[in-house]
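Overview (structure and organization)
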Amino acid sequence: EQIEKSGYEHFMLKEIFEQPKSVHDTMRGRLLVEEGVIKMAGIWDHIERFKNANRIIIIACGTSWHAGLIGEYLIEEYARIPVEVEYASEFRYRNPIITDKDVVIAISQSGETADTMAALKLAKEKGAFIYGICNVVDSSIARITDAGSYTHAGPEIGVASTKAFTAQLTILSLIALKLGKHNGNLGNADFMSLIAELDAIPKKIEDVLSSTHELVQNIAKDFVNATNFLYLGRGYNYPAALEGALKLKEISYIHAEGYPAAEMKHGPIALIDENMPIVIIAPKKGHYDKIVSNVQEIKARKGKVIAVVNNGDTQVSEMSDYVIEIPETSECFSPIVASVPLQLLAYYIAVYRGANVDQPRNLAKSVTVE
Ligand code: G6P
């Protein structure tokens, strides 16, 4: 097992550090920047189904559901196809309206999650076209779908998903850009600059890992005894906040909640005092000015702010207690980069609390019961 961990203390840390490679592997052979092409046989062979789709329904559980939420933003923004994102367990039991004009995308790292599988079977029975985004090759979900794309992140051993999540975001980015380009909603110049930006993401993850690793360890030491955490983000980074909170909950057993930053005033603000740590994801692109006022509201109530901002940021940084800098990228890809220091933060807080990060209590890597 020590050999498999390649010198890392836990699989989770190893997998966090594998992300420059896993994101790259997910794009390899698909993203051809110089040719200006995204090659995805699963999409291309069924392009008419996607083109004629009334809507896309994304179904998933856990971390994969968070990836689905970001997929909704991506596909609606670039391909202009309406998207709904559903928890597989809720979708299945609420007598959903599904027709043969729907495309259902299931996202599952393991490809074995029982709720996702059951929801897919139902969608298939009703005639929808079903597409899988799985990490495990030849898994049950990969086998029952009409078509799909593997994430190619490599085996993920840590129960808390890290590299599978960023690989899912990568695939969803490729799908959204490919569909947008094909149906004419995404012009060539924008397409070209977005694919160049996506191609640069593995290097940006590498930079974040080296520039924030030590810093995040130090921040984590100050929060070992925290009992609650709030994670806030807007737009594409709202689901990234949900995922940041889930990571912390899963492995450190600290209660954490993710929220859209603007919704803070409708409830969570009542919780803020000097004992409440708040992680804010505030890259320059995407509602930055609004986030600035959210941070002001928090500081007025003495909350402890840990801000994830772009390199060279001043406004949010000056008000924050802790600052984690990440490189700038297009708003739509920023969750891929911003998630990395949040994974590290959850990891180190859990390690300092003496928790078993690779095998957290009560959780399983793949949940094969409903
Ligand atoms: C379990 C795992 C989570 C995962 C979820 C969905 O709860 O602990 O990490 O996100 O299942 O799994 P899937 O394999 O379908 O992505």
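Residues numbered from 1 in each chain as written. Predicted model: local features only at pLDDT ≥ 70, side-chain atom pairs only at ≥ 80, totals over all residues.

Re the site of the ligand
Put simply, the rule is: Should the C-beta atom of a residue, placed from the backbone, lie within 6 Å of a molecule or strand, that residue is near it. Numbering goes from the N terminus for both helices and strands, where a helix is a DSSP run of H or I of at least four residues and a strand is a run of E of at least two. When residues are sorted by character, Ala, Val, Leu, Ile, Met, Phe, Trp, Tyr, Cys and Pro go into the nonpolar class, Asp, Glu, Lys and Arg into the charged class, and all the rest, Gly among them, into the polar class.
Looking at the ligand, there are 16 residues lining it, with Gly-62, Thr-63, Ser-108, Ser-110 and Thr-113 nearest. When residues of the shell around the ligand are assigned to their parent elements, the largest contribution, three residues, is made by helix α5 (residues 62–79). Taken together, the residues of the shell around the ligand break down into five nonpolar, 10 polar and one charged.

Quick look at the sheet that holds strand β10 (residues 277–282)
In plain terms, the rule: Two strands pair under a simple rule: DSSP has to find at least two bridges between them. An axis is simply a line fitted to the C-alpha atoms; with a helix, the fit covers only the stretch in contact. Between two such axes, the angle follows the N-to-C directions and lies from 0 to 180 degrees. Contact between two residues is assigned when their C-beta atoms, built from the backbone, lie within 7 Å.
Read across the sheet, five strands follow the order β9-β8-β10-β11-β12 without closing on themselves; strand pairing throughout is parallel. Of all strands in the sheet, those bounded by a partner on one side alone are β9 (255–260) and β12 (322–326). Ignoring strand direction, the axes of neighbouring strands in this sheet form an average angle of 15 degrees. As defined by bridge partners, strand β8 (residues 228–233) adjoins β9 across six bridges and the pair is classed as parallel. In the sheet register, Gly-233 faces β9, and the bridge partner there is Pro-260. Taken strand by strand, helix α11 (residues 201–221) contacts β11 (304–310) and β12, and its axis lies near 165 degrees from that of β12. Along the sheet face, helix α15 (residues 334–352) touches β10, β11 and β12 and points at about 140 degrees away from the line of β12.

Topic: unusual backbone geometry
So the rule is basically this: Any residue surrounded by 20 or more other C-beta atoms within 10 Å of its C-beta is treated as buried, while 12 or fewer makes it exposed and the intermediate range makes it partly exposed; C-beta atoms here are placed from the backbone.
One non-glycine residue, His-152, adopts positive backbone phi at about 55 degrees. With respect to the element layout, His-152 can be found in the loop between β7 (147–150) and α9 (163–182). For His-152, a count of 19 C-beta atoms within 10 Å puts it in the partly exposed group. A positive phi angle is found at Asn-362, which is not glycine, with a value near 65 degrees. Considering the arrangement of structural elements, one finds Asn-362 in the segment after α15. On the neighbour-count criterion, Asn-362 (6 C-beta atoms within 10 Å) is exposed.

Some points on the nonpolar core
Keep this limit in mind: For our purposes the nonpolar core covers buried Ala, Val, Leu, Ile, Met, Phe, Trp, Tyr and Cys residues that link as a set through C-beta atoms within 7 Å.
Residues Ile-59, Val-104, Ile-280 and Tyr-347 are the most contacted members of the largest nonpolar core, which totals 123 residues. The greatest single-element share of this core, amounting to 13 residues, is contributed by α15. Those residues in contact with Val-104, other than ones at most four positions away along the chain, are Ile-57, Ile-59, Leu-120, Ala-123, Ala-128, Ile-130 and Tyr-131.

Focus: the pairing of strand β4 (residues 83–87)
In summary, the side chains of a regular strand alternate between the two faces of the sheet. Formally: Whether a crossover is right-handed depends on one test, that the path from the first strand over the helix to the second runs clockwise when the strands point away from the viewer.
Relative to β4, strand β3 (residues 55–60) is paired through five bridges, and the arrangement is parallel. The partner of Ile-57 across the bridge, within β4, is Glu-84. With α5 bridging β3 and its parallel neighbour β4, the resulting β-α-β unit is right-handed.

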